[in-house]
Amino acid sequence: MTVDRRSFLKLLSAGTAGVGGASLSMAARAAEIMPKSGRRVVVVGGGYGGTIAAKYVRMMDPSIEVVLIERNRQFVSCPFSNLVIAGERKISDLTLGYDKLAAHYGIKVVFDEVTAVDAEKKEVVTAGGSIGYDRLILSPGIDFRFDELEGYDPATTPGIMPHAWKAGEQTLVLKKKLEEMKDGGTVVLSVPLTPYRCPPGPYERTSMIAWYLKNNKPKSKIIVLDANPDITSKAGLFRKGWAKHYAGMIEYRGAKKVTVVNPAGMSVLVEGIEEVKGDVINVIPPQRAGAIAVKAGVVGPDKNWCPVNATTFESTQVKGIHVIGDACIAGAMPKSGYSANSEAKVCATNVVALMNGRELVDLSGINTCYSSITGKEAVSVAGVYKVDQGKIVAVPNSGGVSPDLSELEAIYADSWLRNIMTEMSS
Amino acid sequence: MKQIISSWSRVLVTLAVLAAGSVVQAAPATPEMLSNACAGCHGTNGVSAGFSMPSLAGQNRVAIAEAMKGFKSGERPSSVMGRLAKGYSDAEIEAMADFFSKQKAAPAAAQSLDLAMVAKGKTLHERHCKRCHLESGKEFDENAAVVAGQWLKYLQIQMADYADGKRKMSEKKADKMKPLSRDELEAIANYYASIK
Ligand SMILES: Cc1cc2nc3c(=O)[nH]c(=O)nc-3n(C[C@H](O)[C@H](O)[C@H](O)COP(=O)(O)OP(=O)(O)OC[C@H]3O[C@@H](n4cnc5c(N)ncnc54)[C@H](O)[C@@H]3O)c2cc1C
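First, a word on scope: everything that follows refers to the structure included in this document. Keep in mind the model is a prediction, meaning the values are calculated, not measured.

To continue, consider the overall build of chain B. Summing up its helical and strand segments, chain B has eleven helices and zero strands in all. Secondary structure elements of chain B, listed N to C terminal, follow the sequence α-α-α-α-α-α-α-α-α-α-α. Partitioning the intrachain contacts of chain B with sequence separation of at least 6 by distance along the chain shows that 68% fall at a separation of at least 24.

This brings us to the pattern of salt bridges. Should the charged atoms of two oppositely charged side chains come close, the side chains can pair. Residue and element names in this part refer to chain A. Scanning the entire structure with this criterion turns up 30 salt bridges over all chains. Here Arg-71 makes a salt bridge to Glu-113, at a shortest N to O gap of 2.6 Å. With Arg-71 in the loop between β3 (65-70) and β4 (75-76) and Glu-113 in the loop between β6 (108-111) and β7 (114-118), the pair connects residues that are 42 residues apart, well separated along the chain. Judged by relative accessible area, which is 48%, Arg-71 ranks as partly exposed. Accessibility expressed as a relative area gives 32% for Glu-113, which makes it partly exposed. Among the ionic contacts, a cluster of salt bridges with common partners joins Lys-221, Glu-251, Arg-253, Lys-256 and Glu-274.

All right, on to the site of the ligand then. Residues and elements named next belong to chain A. The full set close to the ligand counts 35 residues, and Gly-49, Glu-70, Ser-139, Arg-197 and Asp-326 are the nearest of them. Between the ligand and Tyr-48 there is a distance of 3.0 Å, counted from an oxygen atom to a backbone nitrogen or oxygen. Note that a nitrogen atom of the ligand is positioned 3.2 Å from one of the backbone N or O atoms of Arg-71. Expressed as a share of its isolated accessible area of 990 Å², the protein-covered part of the ligand is 96%. Elements with a minimum of two residues in the shell around the ligand: α4 (81-85), α11 (337-355) and β23 (364-372).

What counts and how
- Residues numbered from 1 in each chain as written.
- Chains lettered and ligands numbered in written order.
- Predicted model: local features only at pLDDT ≥ 70, side-chain atom pairs only at ≥ 80, totals over all residues.
- Heavy atoms only, no water.
- Helix = DSSP H or I, 4+ residues; strand = E, 2+ residues; numbered from the N terminus.
- Contact = heavy atoms within 4.5 Å.
- Salt bridge = Lys/Arg side-chain N within 4 Å of Asp/Glu carboxyl O.
- Buried < 20%, exposed > 50% of the residue type's maximum accessible area, 1.4 Å probe, protein only.
- Near = heavy atom within 4 Å.
- Polar contact = N/O pair within 3.5 Å; in protein donor to acceptor, adjacent residues only side chain to side chain.
- Areas by Shrake-Rupley, 256 points an atom, 1.4 Å probe, with all protein chains shown as cover.

Everything listed is a geometric property; what it means functionally is a separate question.
Printed below as a string of structure tokens:
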């Protein structure tokens, strides 16, 4: 039985032909499935952070075996998923597989869910069995704090009030609901308190929904209920873009925290009192590090996010486990795909240094986040980061937002996506 | 004192501090550390997957450093590079320029080019550009950039910046480029993009 169920677990073993067989014989007792023969790094999560960490460890030291564990056979990028909702991109443009990455860099990819981490034994547990490591890198992204929204049923509410904050099926649910809405309808979008994945994301989402409505259902409107007092990123540019292109269509309300959802009546309650109804409701729930980070005990006192060392990204809670991407607290670096990419390289550099007894190297990081305002114009925020007194800080007098909306930025944004997704997948 | 600590004991010290979760002793960011952060836009080791982001791999070291310093001072126009370049010292810029210049260049993958323009561009290149952009633009004289095998869209954006007077030229370059029409610049861009 176990063996059958495990047929979906495929090892793309690059270079070592024996691995597949070994894993099958071990599977029956769901014990260790990939006995370690040398030094090994296990990476959990094949998204923006995990793919890059796996690749750069192999680039920097091919004598270290790398096992990348990911629950899905294909990854769908959140960046540009707002353009899918607006009909400006296809979901297939944002979808990647792992074959090329595995083959080019000799990464062993295991498609399975990691259900536990045993930091004492240095192994992760998957449905198919356990896998040992010398160092573990977690890049599990986010999960949601659904329990902070009264009336929210994690099983059914996302189908009625999509979050679309993990790309893929949810993106398409939201798109379909907009397509089904009548002209003159109301879209309600709720934004959680920071920190959440992708600070400008909700406002790019608002812009892209407005772009779709303007072109297809111009009598409709959007109400943004933001738990934060004001737009949390590129505020000036979003305001400017909304005034220029969507005057009268977007009603932005700051300091309006949604605490109750009512899927049956298609409404939400602000602070449990003020009811707001919508024809399409996009509730973006509050977030925390992916569940496996909680299980591994690497979330900090806030129980949501993972404090890490600013040079190695090693958890300050549990030795031997490094956390990168949205799940970690990376000082001034925001929770973005670019940050996850940059953090992964810093982490890989220093994991390799630690495993070889070499001197650590100070972090140098970058974040850039493009946001589309229309189908043709974009804005960006950029930053350069370093370590100061053990903290990740922005390099003074650098970075910032673009001066205006521009078509040139949209052209470069498109290439950014192409390059970063190519980095992740080949 | 510092110098006499052996590298092993330094690692041990590092580990001890690490465990405490505070400041660790680490070397300043290496050229690789600095440059890897650029690859999210410019591609792994500076080989861009297109279509408008320029490849940096195998670029003239001097051209990269000049570009970065121009972005940093604002002398060279940019959408995003100015904001990023301000985050680096001149020494860091030199380190990254050296890193990318040493990476193996890979000409842009298949891009759709206008073959008539490519042919016209070749003639114009021979007449106007080859003294600095040597070997069909694969090589360079002094501070000239490697332009062969670059992405067409990027070359077009740069040509437009020159034609619009946004991007300044040296006298030597202006002598050769000013007489050219936009159509001729487009032809040259197609020609360089075609070189493998
Ligand atoms: C609408 C939207 C727009 C965005 N736009 C941008 C943008 O333009 N630019 C930008 O830089 N960022 C953007 N972001 C943010 C970006 O998506 C995230 O910051 C980035 O994905 C974080 O990378 P990560 O590696 O931490 O997580 P992810 O990329 O989400 O990867 C996590 C992976 O881990 C896997 N996983 C998790 N737990 C387990 C487990 N237990 N076992 C096995 N596998 C597991 C998941 O399946 C997933 O594939 C956007 C986000 C949203 C929602």
